[in-house]
Amino acid sequence: MFNELISLYFGSLHPFIKRAVCGIIVITVHGFLTALVSSRLGDDVPKRQGMVTLNPKKHFEPLGFIIYVLFGYGWGQPVRTSSFGYKNKKSGCVLTALLPILADIALGYLLFFVFDPGNFVRTNVYLSGFLKSLGYHFACYGIYNIIPVYPLNGQKLLLGFLPANKIMKYNESEKILQLILVFLIFMSIIPRVVSKIFYLPVFAFVVTG
């Protein structure tokens, strides 16, 4: 009975609905991890704003979510952080940006390989397919977040390395960079590039395996 219900639900998901479900999970977990890492490093801003939570409402950003559903890439509610609470401002900024990216990618590949049909875990074929798809979304979202454009984590990562005089110049071009980011998503350039990067280790695994 349980397998039949799982098959009915996951087997009938429209691609856009599946992308929406994956988007909610991925964006929520990514935002939570960013807030959690910053909080653990001494920043009290994410906690005061209620961002250290897995409640999707706190991480929901309408435009970013709509773009995600349509193209598979978007963004959630930006997690505001402050480096004043970090013992080391530079390393704190870098870790807050980098660790959630690495966690997304690691969890993504784990789900993708573990729930691949015929691999390690035997489960309902539709549930397995959904979890594998979720893994793809997690890993691609992590790779995508390396792009140094606000509100992606790559922006914080880059600012952690830039000298103070360069940061101001970078911030002045923020709006233009955001428009370029959205344009590249709409033109499917970012989806194609990120997907190719994602499949590089997949192909290597298949060949060596």
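Computed from a predicted structure; not experimentally measured.

Caption draft 1: Representation of the pattern of salt bridges within the structure. By the definition in use, this model includes one salt bridge. Between R48 and D44 there is a salt bridge whose closest N-O contact spans 3.3 Å. By relative accessible area, R48 is classed as exposed at 61%.

Caption draft 2: Inspection of the packing of helix α2 (residues 15–40) against helix α5 (residues 62–71) at higher detail. Packing of α2 against α5 leaves a shortest axis separation of 8 Å and a crossing angle of 135°. Compared by their axis directions, α2 and α5 come out oblique. The two elements α2 and α5 meet at a crossing, and its hand is right-handed. Where α2 abuts α5, its residues F16, R19, A20, G23, I24, V26 and I27 lie against F65, Y68, V69, L70 and F71. Grouping the constituent residues of the contact of α2 with α5 by class yields ten nonpolar, one polar and one charged.

Caption draft 3: A look at helix α6 (residues 89–114). Look at α6: 37 Å from first C-alpha to last across 26 residues, which is about the 38 Å you get at 1.5 Å a residue. Considering bend angle alone, the principal kink of α6 is centred on L95 and spans about 25°. Between the side-chain oxygen of the N-cap and the backbone nitrogen of K90 there are 3.2 Å, and the N-cap of α6 in question is N88.

Here is what the cut-offs are and how they apply
Residues numbered from 1 in each chain as written. Predicted model: local features only at pLDDT ≥ 70, side-chain atom pairs only at ≥ 80, totals over all residues. Heavy atoms only, no water. Salt bridge = Lys/Arg side-chain N within 4 Å of Asp/Glu carboxyl O. Buried < 20%, exposed > 50% of the residue type's maximum accessible area, 1.4 Å probe, protein only. Axes fitted to C-alpha atoms, helices over the stretch in contact; angles between N-to-C directions. Helix = DSSP H or I, 4+ residues; strand = E, 2+ residues; numbered from the N terminus. Parallel < 35°, antiparallel > 145°, perpendicular 65-115°, else oblique. Left-handed = near helix turned anticlockwise from the far one by under 90°. Contact = heavy atoms within 4.5 Å. Nonpolar A, V, L, I, M, F, W, Y, C, P; charged D, E, K, R; others polar. Expected span 1.5 Å × (residues − 1). Bend = angle between axes of the 7 residues up to and from the residue. Polar contact = N/O pair within 3.5 Å; in protein donor to acceptor, adjacent residues only side chain to side chain.

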